[in-house]
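If you want the building blocks of each chain, they are given just below.
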Amino acid sequence: METIESAKQKFEELIQSQKQRVADMRAQGDFVDYAALDTIVIGICGGDGIGPTICKESERVLRFLLKDEVASGKVEFREIDGLTIENRAAHMQAIPDDVMKELKACHVILKGPTTTPRAGDEWPNIESANVAMRKALDLFANVRPVKIPEEGIDWTFFRENTEGAYAVGSRGFETEDGISVDFTITTTDGTQRIAELAYDYAKRNHKSRVSIVTKANIVKATDGKFLKLCQEVGKKYPDIATDDWYIDIMTAKLVDKKRRADFQVMILPNLYGDIITDEAAELQGGVGTAGSGNIGKRYAMFEAIHGSAPRMVQEGRAQYADPCSMLRASVMLLSHIGYQQEADKLEKALDICMSTEKKLVITGRDTGCTCSEFGDYVMQTVEKL
Ligand code: IPM
Ligand code: MG
């Protein structure tokens, strides 16, 4: 419980910490040029629940696709243990120091889902490992593609990943009068960089439209700024049409079959991006089918958008976990580090295995194939391409 005086103090600390974050953002160099590196280090970080199973499978597929690069030393895989809820709880840290050191020694990371403690469960109240990693490695863009080819849907969401409701999500407080406050933060630099990345992606991929999604009519200071700055960046791209939507109507439009295929690239503040990408993934066939890239200038991390499915492990079904989300994330990883041909091959094979051919089906239990049988199926399909 805070008094007005101690609340003021907390608020001041919070603003100071954000000023420091902006200074760090400004001091950063440009994006890593992977082609110029002697060795690209890919960290494999299993996480909790079904994480290690689906991560290991993706590593197997990645090693298969990159076998020449591994043999020549251009690519190195490193397994990183210790990002488990047990270890995090033992250290009372979202990411224990030694794990953070190992993460920072990699260029890109493939990460399995991790348990996020919530009030009332058996775990101490430590910050989500995802959120901590996004912040610590400054992974400012969460890029989430969703495709439904038979409907002509090809969406790419650019979710701002370090600000908004997540920036100081664990630093809200309650005053002694029963008033609880949380903070949402939008910075000029933080908004410009996500907008620039989204428009640059739109241009490089010949997209004709970018939609900015906010609630700027109500959340005026932060969402208002986000909208205005994205529109300003949009003006530098005269060949791309920019429009803007409020999050509520956008949520409705994604289920409007007459309109939804018209959307192409969307830019959103963190929390709206979190919510709407689950909706979009569900339309594609479930959150288990979607991968995501967390992109920063120095680091990038690729992951599933779903959770760790502890029930599957408790019921002894982990070997039947669906690796598709992690394999989709692996497509993004390959493309990000410059192996576009390998990324295309994996994507094509996944489309065949998941939609057109479906020789093996994952059901999450012994009525379907196992995770590693599916991995074999994907690799055999790649070989036939
Ligand atoms: C996501 C997840 C995370 C988030 C959770 C696990 C902290 O829902 O990646 O979308 O809220 O960002
Ligand atoms: Mg989410």
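For the structure itself, look to the data block above.
These figures come from a predicted structure and were not determined experimentally.

Colleague: Would you mind going over the sheet that holds strand E2 (residues 75-80) in detail, with residue names and values included?
Modeller: Reading across the sheet, the 10 strands line up as E2-E1-E3-E12-E11-E4-E5-E10-E8-E9 and stay open at both edges, with mixed pairing between neighbours. Both edges of this open sheet fall to E2 and strand E9 (241-246), since each of them pairs with a single strand only. Taking each pair of neighbouring strands and ignoring which way they run, the sheet shows an average axis angle of 20°. Strand direction decides the pairing type here: strand E1 (residues 40-45) and strand E3 (residues 108-111), joined by four bridges, are parallel. Looking at the pairing, Ile42 lines up with Val108 of E3.

Colleague: Kindly report on unusual backbone geometry, identifying the contributing residues and their values.
Modeller: Unusually for a residue other than glycine, Met92 sits at a positive phi of about 50°. Structurally, Met92 can be placed in the loop between helix H4 (85-91) and helix H5 (97-104). For Met92, a relative accessible area of 51% gives the class exposed. Positive phi, close to 50°, is recorded for Asp138, a residue that is not glycine.

Colleague: Before we move on, can you summarise the site of ligand 1 with the specific residues and values?
Modeller: The immediate surroundings of ligand 1 are formed by Thr116, Ser128, Asn130, Val131, Arg134, Arg144, Arg159, Tyr166 and Asp274. Take Arg159: an N or O atom from its side chain is 2.8 Å from an oxygen atom of ligand 1. One nitrogen or oxygen atom from the side chain of Tyr166 is found 2.6 Å from an oxygen atom belonging to ligand 1. Protein coverage of the free-state accessible area of ligand 1, which is 320 Å², stands at 77%. The pocket occupied by ligand 1, as judged from atoms lying within 2 Å of grid points, is the second largest pocket. Among the elements that make up the shell around ligand 1, the one with the highest residue count is helix H6 (residues 129-136) (three residues). Looking at the shell around ligand 1, its residues break down into two nonpolar, three polar and four charged.

Colleague: Let's hear about the layout of surface pockets: which residues, and what values?
Modeller: Considered as a void within the structure, the second largest pocket measures approximately 780 Å³ in volume. Taken together, 28 residues form the lining of the second largest pocket, with Thr116, Ser128, Asn130, Val131 and Tyr166 sitting closest to its centre. Those elements giving two or more residues to the lining of the second largest pocket turn out to be H6, helix H10 (270-284) and strand E12 (300-304). For the lining of the second largest pocket, the element with the most residues is H6, which contributes four residues.

Colleague: Quick rundown of the pairing of strand E8 (residues 209-214)? Include the residues and the values.
Modeller: Along E8, six of the six residues are buried, which leaves the element largely enclosed by surrounding structure. Here E8 shows no split at all, with Arg209, Ser211 and Val213 on one side and Val210, Ile212 and Thr214 on the other all buried. For E8 and E9, the ladder comprises six bridges, and the chain directions are parallel. Paired with Ser211 across the strands is Asp243, a residue of E9. Note on the crossover from E8 through helix H8 (residues 222-234) to E9: the handedness is right-handed. As judged from the three bridges shared by E8 and strand E10 (residues 265-268), these two strands associate in the parallel manner. Across the sheet, the residue bridging to Ser211 is Met266, located in E10.

Colleague: How would you summarise the packing of helix H2 (residues 51-65) against helix H12 (residues 324-336) if you had to cite specific residues and measurements?
Modeller: Helix packing geometry: the angle between the two helix axes and the distance between the axes. Closest axis-to-axis distance for the H2/H12 pair is 9 Å, and the angle between their directions is 40°. Classified by the angle their axes make, H2 and H12 are oblique. At the point where H2 passes H12, the crossing takes the right-handed sense. Across the interface between the two elements, Ile54, Cys55, Ser58, Val61, Leu62 and Leu65 of H2 pack against Met326, Leu327, Ser330 and Leu334 of H12. For the contact of H2 with H12, the residue count by class is eight nonpolar, two polar and no charged.

Colleague: Tell me about a negative patch on the surface, residues and numbers included.
Modeller: Together, Glu79, Asp81, Asp97, Asp98 and Glu102 line one region of the surface with negative charge. Counting residues per element, the negative patch draws most heavily on H5, at three residues.

Colleague: Describe empty space enclosed by the protein, listing the residues and the values that go with them.
Modeller: Following the criterion strictly, the structure yields one cavity of 30 Å³ or more and no others. The volume enclosed by the largest cavity comes to roughly 40 Å³. Taken together, Glu160, Glu163, Gly164, Ile185, Thr186, Thr191, Phe226, Pro269 and Asn270 make up the full set of residues lining the largest cavity. Partitioned by chemical class, the residues of the lining of the largest cavity number three nonpolar, four polar and two charged.

Thresholds, definitions, all that
In every chain, residue numbers begin from 1 and rise along the written sequence. Labels follow written order: the first chain is A, the first ligand is 1, and so on. Reporting of local features is limited, given that this is a predicted model, to residues whose pLDDT is at least 70; pairs of side-chain atoms are given and counted only at 80 or more, and all residues count toward the totals for whole chains, interfaces and linings. The side-chain quantities take in all heavy atoms of the structure and omit both hydrogens and water. Here the rule is simple: two strands pair whenever DSSP picks up at least two bridges between them. Here a helix means four or more residues in a row that DSSP labels H or I, a strand means two or more in a row labelled E, and each is numbered from the N terminus. Every axis corresponds to a line fitted to the C-alpha atoms, with the helix fit spanning only the stretch in contact, and the corresponding angles, defined between N-to-C directions, vary from 0 to 180 degrees. Burial here depends on accessible area, computed with a 1.4 Å probe over protein chains only, as a share of the maximum for the residue type. Under 20% is buried, over 50% is exposed, and the range in between is partly exposed. We call a residue near a molecule or strand whenever a single non-hydrogen atom of that residue lies within 4 Å of it. As used in this structure description, the phrase polar contact means that two N or O atoms lie within 3.5 Å; if the pair is within protein, one of them must be able to donate a hydrogen and the other to accept it, and residues adjacent in sequence are counted only when both atoms belong to side chains. Residue burial considers only the protein chains on display, and all accessible areas are found by Shrake-Rupley using a 1.4 Å probe. Any residue with an atom within 4 Å of a point lines the site, the site being either a cavity, points on a 1 Å grid over the protein atoms alone where a 1.4 Å probe fits but cannot get out, or a pocket, an open set with protein on both sides within 12 Å along at least 5 of 7 lines. Throughout, a molecule is located in a cavity or pocket provided that more than half of its atoms lie within 2 Å of its grid points. Asp, Glu, Lys and Arg are counted as charged, while Ala, Val, Leu, Ile, Met, Phe, Trp, Tyr, Cys and Pro are counted as nonpolar; the rest, among them Gly, fall into the polar class. Grid points are joined across faces, edges and corners, and a volume is the space filled by probe spheres set on the points. Orient the strands so they point away from the viewer; a crossover is then right-handed if the path from the first strand over the helix to the second runs clockwise. We call two directions roughly parallel when the angle between them is under 35 degrees, roughly antiparallel when it is over 145, roughly perpendicular when it lies between 65 and 115, and oblique otherwise. Here is the rule for handedness: rotate from the far helix to the near one, and if that takes an anticlockwise turn smaller than a right angle the crossing is left-handed, while a clockwise turn gives right-handed. Only heavy atoms enter the contact rule, under which two residues are in contact if any of them lie within 4.5 Å. Here the term patch refers to residues with relative accessible area over 30% and no salt bridge, with like charges joined within 9 Å and nonpolar side chains (Val, Leu, Ile, Met, Phe, Trp, Tyr) within 5 Å. Note on definitions: salt bridges are taken to be side-chain nitrogens of Lys or Arg within 4 Å of carboxyl oxygens of Asp or Glu. A positive count includes Lys and Arg, and a negative count includes Asp and Glu. His and the chain ends are not counted in either. Working definition for charges: the position is that of NZ of Lys, CZ of Arg, CG of Asp or CD of Glu.

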